[in-house]
Amino acid sequence: MSRLIIISNRVSAPKGSMSGAQGGLAVALQAALRESGGIWFGWSGELTENFTGQINFQRNEGVTTATVDLEEQDIEEYYNGYANRTLWPLFHYRIDLAEYERDFAGGYKRTNERFADTVRPLIEPEDVIWIQDYHMFPLGSELRKRGFRNRMGFFLHIPWPPRRLLTTLPEAHELVTSMFAYDVIGFHTQEWLESFCDFARIELGAVLEEDGLVRLGDRTVRLLNCPIGIDSQDFQAMADSDIAAATFKQMRKSAVDRAMIVGVDRLDYSKGLEERFNGYERFLEESPEERKEVFLLQIAPPSRAAVDSYQRIRARLEAMSGHINGAYADLDWVPIRYVNKGYPRDVLAGVYRAARIGLVTPLRDGMNLVAKEFVAAQDPEDPGVLILSRFAGAAAQMPTALLVNPLSAEEIADAIRQALRMPLEERKARWKPLYDNVVTEDVSWWRERFTAALMAEVQDQQTEVVD
Ligand code: ADQ
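Here is a short report on the structure shown in this document. It should be emphasised that the depicted structure is a prediction, and the values quoted were computed from it without experimental measurement.

Here we take up helix α17 (residues 443-456). With 14 residues, α17 should cover 20 Å at 1.5 Å per step; its first-to-last C-alpha distance of 20 Å lies within 8% of that length. Burial in α17 covers these residues: V443, W446, R447, F450, T451, A453 and L454. On an axial view of α17, the arc spanned by its buried residues comes to 155 degrees, and they lie on one face. The N-cap residue of α17 is D442: its side-chain oxygen and the backbone nitrogen of S444 are 3.3 Å apart.

Laid out in structure tokens, this is it:
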């Protein structure tokens, strides 16, 4: 079996006994590395005065990680700039928030060149390279320019935007052309895959061949619809753990017979939190008789605090929760508990299980793993109801959730009412197919599906320079 080299912006070394500290993606990629004896390379998350390219190797529980520090200008332009202020909003359809700056684009290119130069001595001819996410679109092409003919795959964790939006990016042609350096490109849904195809075909003149292949010049790429899942077995085990049971008890006690609606999201404008609060407020306004039977627990740890748009949404949500609580709270009841903290995964599992409704309403999301975790944590004899945005990648695999338009306060309010009134039999009937999917198409299924496609690609194509 070939060695696997995984490259991503941030690297997660195994954390051993810290129960519930690691996400499913980290665990799945670590498992792949253990099997193949490979390396996980990326940014350390640390700052250095001058970039030296010195690699810090670590070996934990059979997984080797190799990380490099970046200098301030790289972090500002590549990470806070192009990745988080240009590509993230654009790829989530928010061109109103996207900032197009040549310095950001330049820093992104420079940092990817630095990654390519740094990882270069670690790669052997038979290695298979798997690059993750939007921080590193051009890395494959940079490696090809340095003479690497290895099989290379890329997986995109976020949506791919419609062609008309992507054309607003000054570097769009260059960026998408560079992606033809890969042998396989994976997306969470057919929709994102087709949007990529549209751009490649209409803007670049790429040719769609049979069987998911797209050709541009002398390079052919396989496009793969490959939805990510969660570590469902581990997550269920966490839901059955003592910590989860204690959290469940604590939550039920503090709910005093009220139904809990739960939202768990990174504090990000793509997650539709303002719109969710509006939808919940609409429900409170329209349903005075049911109002005090519920409360909303929104857990939203801050992220990307260096970026203005994230500071703004944080302030906005604080104001909205204050306003809603001010308008509706009573002596014995507060409609929203808004918590800006992260919790271990076993605690989250207990919270999900105690909830009657999971409210997952991103405006756009590549997949959304919270929806899957919520389903995995439910009690089969008394499952909660998942309310899910139609615009999350997860909706394609979860048709029996209550699917809503997250921009419509009315649809969110209606769905909350429907979920509260839903008889047990219907709750079970809706939950079971969701659960079956979460278990079958889990994170191991995802990574095996992707690596199998990558390993299968025959290298009979020109792999020289792709600009
Ligand atoms: P994210 O945008 O981070 O991921 P998501 O898929 O929902 O979104 O994953 C979030 C993870 O963080 C979940 O595992 C969740 O449990 C955890 N989390 C959130 N809030 C937390 C809290 N308060 N405490 C502890 N943990 C918390 C990106 C894309 C997604 C895609 C994933 C994986 O934006 O669309 O599903 O990558 O590809």
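Moving on to the side chain of R219. With respect to the helices and strands, the residue R219 is situated in strand β10 (residues 219-225). R219 sits in the buried class, given a relative accessible area of 2%. Within the local environment of R219, its side chain forms a polar contact with the backbone oxygen of Y182, the two atoms lying 3.0 Å apart.

With respect to the helices and strands, the residue V63 is situated in strand β4 (residues 63-71). By relative accessible area, which is 1% here, V63 ends up buried. In the structure, V63 is positioned 107 residues away from P170 in sequence and 39 Å away in space, judged by C-alpha atoms. Residues within four places of V63 in sequence aside, it is in contact with P14, Q30, L33, R34 and Q58.

The geometry of two aromatic rings is summed up by the distance between their centres and the angle between their planes. With the rule as written, the count across this model stands at 25 aromatic pairs. Relative to W446, the ring of W130 lies with its centre 5.2 Å away and its plane at 40 degrees, an arrangement referred to as tilted. Taken as a pair, W130 in strand β5 (residues 128-132) and W446 in helix α17 lie far apart in primary sequence, 316 residues in all. Centre to centre, the rings of F187 and F196 are 5.6 Å apart; their planes meet at 50 degrees, and the pair counts as tilted. When its relative accessible area of 1% is taken as the criterion, F196 is described as buried.

Attention shifts here to the site of the ligand. Taken together, 23 residues lie near the ligand, and H157, Y343, D365, M367 and E373 sit nearest. In this structure, R266 approaches the ligand through a side-chain N or O atom, which is 2.8 Å from an oxygen atom. Within the contact set of the ligand, an oxygen atom lies 3.0 Å away from a side-chain nitrogen or oxygen of K271. Taking 720 Å² as the accessible area of the ligand by itself, protein coverage stands at 84%. Among the secondary structure elements, those contributing two or more residues to the shell around the ligand are α13 (345-354) and α14 (369-376). Among the residues forming the shell around the ligand, the class breakdown is 11 nonpolar, 5 polar and 7 charged.

So, about the packing of helix α8 (residues 232-239) against α13. Contact geometry of α8 with α13 gives a least axis separation of 8 Å together with a crossing angle of 75 degrees. With respect to each other, α8 and α13 are oriented roughly perpendicular. Contacts from F235, M238 and A239 of α8 reach α13 at R345, D346, A349, Y352 and R353. In terms of residue class, the contact of α8 with α13 is made up of 5 nonpolar, no polar and 3 charged.

Reading the values: rules and limits
Residues numbered from 1 in each chain as written. Predicted model: local features only at pLDDT ≥ 70, side-chain atom pairs only at ≥ 80, totals over all residues. Heavy atoms only, no water. Helix = DSSP H or I, 4+ residues; strand = E, 2+ residues; numbered from the N terminus. Expected span 1.5 Å × (residues − 1). Buried < 20%, exposed > 50% of the residue type's maximum accessible area, 1.4 Å probe, protein only. Arc of directions from axis to C-beta. Polar contact = N/O pair within 3.5 Å; in protein donor to acceptor, adjacent residues only side chain to side chain. Contact = heavy atoms within 4.5 Å. Phe/Tyr/Trp six-rings, centres within 6.5 Å; stacked < 30°, edge-to-face > 60°. Near = heavy atom within 4 Å. Areas by Shrake-Rupley, 256 points an atom, 1.4 Å probe, with all protein chains shown as cover. Nonpolar A, V, L, I, M, F, W, Y, C, P; charged D, E, K, R; others polar. Axes fitted to C-alpha atoms, helices over the stretch in contact; angles between N-to-C directions. Parallel < 35°, antiparallel > 145°, perpendicular 65-115°, else oblique.

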